[in-house]
Each structure stands twice: as structure tokens, then as C-alpha cells.
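Structural overview
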Amino acid sequence: MYRHRRWAHRRARGVSEILGAILLVALTMTAGIILWSFRINTPPAPPSLTILIHSGGKNPAWGDPTDCQPVGNWTYPLASTQYTTWDNEWDAQCDPPNVSGNFSELNTSQIIIASHTPTNIPLDEITFTFVCNNATTAGGTTILVSGTLASMTWFPGSSTSPAANAPDLGKCGNFDAGGYGGGSYGTLYNRLGMFTPIGGGNVTVLENGDTFLLYIHNGGWPLDFECVTPKLYNCFTNSGNPVLDTDDYHGAPPWCFTNQGACTIYLSYSGDPNTLLASIPVYSLAPPTT
């Protein structure tokens, strides 16, 4: 009787061990299924970039044909016998996208992409916005220009023209360059600057070395003359006599360089996640000289 109970006790304990092992295996399998069934979605890392600023440069005013004259020695006012030759040469050298003539040079600053991550950031997802801070009487802000880098890409001297969706210039507070020569409001963005990818006009993603060229107005009229032949613009009544070029203000308003907080350039990413890539005080691009 004693042995029977002892055997029964051993048998009960053996069954318990077996059941415990089965349950442990079942729990392990269940845990394994749960672990493999869960997928944790992490948000994408925001893109980033570093930029270099190169100031003190000079570049032709490619964005405006009235700042161009054909290559050669011309004396103004032109003799009437030169009109046809000058007009034909101007058409061939100065009318975009053919821009091989002698354009007026303007002061420029370059915003250069030094590095960026990830590798392939689409140009149509990076927006360049020139904001004028507290520039209205109501204390708000105005936007001089806003557009993607893709829409602000242009290669002077090549067959590439400004994009069909290229932005026009707005106002910077109450400034539209009207007091400085005819007004820039509503004209194409390249009176202010242009984006030139290092890889050429067919590039669709950002590359190190890509540059935004910003004109820095240095006073006066870039070319000096608007009317040199009766063909140009509304110059028929001037018989080819030189007339000061009154529509050639290029670059940011001058007060952007006298007030540190007046104007800011923002580079932003419109993909997922939306990211401010850079904030550039315009004052720092060409501070006043003493």
C-alpha cells in the first residue's frame, strides 16, 4: 500500500513535468508567433544639408536681355546703317536661351550645397523662399519669391530656358524696385537669382556643389542703355538714341543689408517629414561695408 501511493505520487509528478514542458513549448511558440507578427514602423529620418556662402563674386545679369549687347565694338547712339546688323546680332546672342553676348556684370553671392543626406533629395521637393520680415505697416511679412529649386533652375548659354512653372517676383514690403528703375514686381525670378545644379539641366536630385546664385544690387543701371535701336521695346520714338535702362533693378532690396533681421532665405523640404533645411539671413550674404 505504501509503495502504491509512492508510485502514484511519482507518476503524478511525472505527468506534471510533461504537462509543464508541453505548456512551456506552447508558450514559446505563441511568443514566437507574436514577435514575428508585430511590425514596428519608425518615422523616416528628416533630410539635412550644410551650405557654404561665397560672397564678393561677379556674374553676368543673364536674367534680363536688356542687359546685353552683342559682342563687338559698338558706339552709341548707333548709326542708322548699323541697326540691322546690331538687331540680328542681338537676336542671336542676347535673346534667351541664346545668351552668349556681353551681359552687364553684377555683384553676386553664392549659396553652395556642401553636403546633404539622404543621397537623393528631389529638387522639386526643396523650396527656396525669400521672406521680408516685418516689412509691412501691419507688422507682417511678405514674400519676394517662392519656388522649388527645380522650377528655379536655368543654365544661361544652353538650350535650357526657365521652367514653365518658374515663379515671378512678388513684393518685399512696399518695395518693388519701382523707385530704382521701373519695378521688378511680376517679373521672372531670375532678376533676383537662379539655381544652377552642378550636373546640368537634366539633374532631378540635389548634388554637392549645386549653387543658388543671388544677385546683390550695387547701385545704378547695369547696362546703362535701353534704347539703342528702334527695334528694342518702345524705342521707336527715340530713333536709336541712348535712353537709360529704367527697368533693370536686380537683386534684393538694399535695406535687406542694413537691418540684420529684415530679410531671410529659407530652404525647406516638402516631403515626409516636412523639414526646414536652412535659414539664411540675407544681411550675412553682403553686409554693409564701412
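This write-up is about the structure you can find in this document. Numbering of residues starts from 1 in every chain and runs along the sequence as written. Reporting of local features is limited, given that this is a predicted model, to residues whose pLDDT is at least 70; pairs of side-chain atoms are given and counted only at 80 or more, and all residues count toward the totals for whole chains, interfaces and linings. Here the side-chain values reflect all heavy atoms present in the structure, with hydrogen atoms and water set aside.

Moving on to the overall build of the chain. Strands here mean DSSP runs of E at least two residues long; helices mean DSSP runs of H or I at least four residues long; both are numbered from the N terminus. Helix and strand counts for the chain come out as two helices and 10 strands. Going residue by residue from the N terminus, the α and β elements of the chain occur as α-β-β-α-β-β-β-β-β-β-β-β. Here the chain holds 290 residues, and the buried ones make up 40% of them. What makes two residues a contact is simply this: any of their non-hydrogen atoms within 4.5 Å. Once local pairs closer than 6 in sequence are excluded, the contacts in the chain between residues at least 24 apart make up 67%. Here the open area of atoms and residues is found with the Shrake-Rupley method and a 1.4 Å probe, where only the protein chains shown may cover a residue. Looking at the chain as shown, the accessible area adds up to about 15900 Å², and 56% of this sits on carbon and sulfur atoms. To sort residues, take the accessible area from a 1.4 Å probe on protein chains only and compare it with the maximum for the residue type: under 20% means buried, over 50% means exposed, and anything in between is partly exposed.

What follows concerns the sheet that holds strand E1 (residues 48-60). Strand order across the open sheet formed by four strands is E1-E4-E8-E7, with antiparallel pairing between neighbours. The open sheet has two edge strands, E1 and strand E7 (193-196), and neither has a second partner. The sheet shows a mean angle of 20° between the axes of neighbouring strands, taken without regard to direction. At least two bridges found by DSSP between two strands are what make those strands a pair. As paired strands, strand E4 (residues 105-117) and strand E8 (residues 211-216) are joined by six bridges and run antiparallel to one another. Across the sheet, the residue bridging to Ser109 is Leu214, located in E8. Axis geometry follows a simple rule: fit a line to the C-alpha atoms, using only the stretch in contact for helices, then measure angles between N-to-C directions, giving values from 0 to 180 degrees.

Right, let's talk about the nonpolar core for a bit. Throughout this description, the term nonpolar core refers to a set of buried Ala, Val, Leu, Ile, Met, Phe, Trp, Tyr and Cys residues connected via side-chain atoms within 4.5 Å. With 55 residues, the main nonpolar core has Phe128, Phe130, Leu206, Ile265 and Val282 as its most contacted residues. When residues of this core are traced back to their parent elements, those giving at least two are helix H2 (83-93), E4, strand E5 (126-132), strand E6 (142-148), E7, E8, strand E9 (263-269) and strand E10 (275-281). At five residues, the largest contribution of residues to this core is made by E8. When sequence neighbours within four positions are dropped, the list of residues in contact with Val282 reads Phe130, Ala252, Cys256, Phe257, Cys263, Thr264 and Ile265.

Any cysteine sulfur atom paired with another within 2.5 Å is treated as part of a disulfide. Under the counting rule described, the total for this entry stands at three disulfides. With a sulfur-sulfur separation of 2.0 Å, Cys256 is cross-linked through a disulfide to Cys263. The S-S bond linking Cys256 to Cys263 shows a torsion near -70°; that makes this disulfide left-handed. Taking the relative accessible area as the measure of exposure, Cys256 reaches 0% and is therefore buried. Note on Cys263: relative accessible area 0%, which makes it buried.

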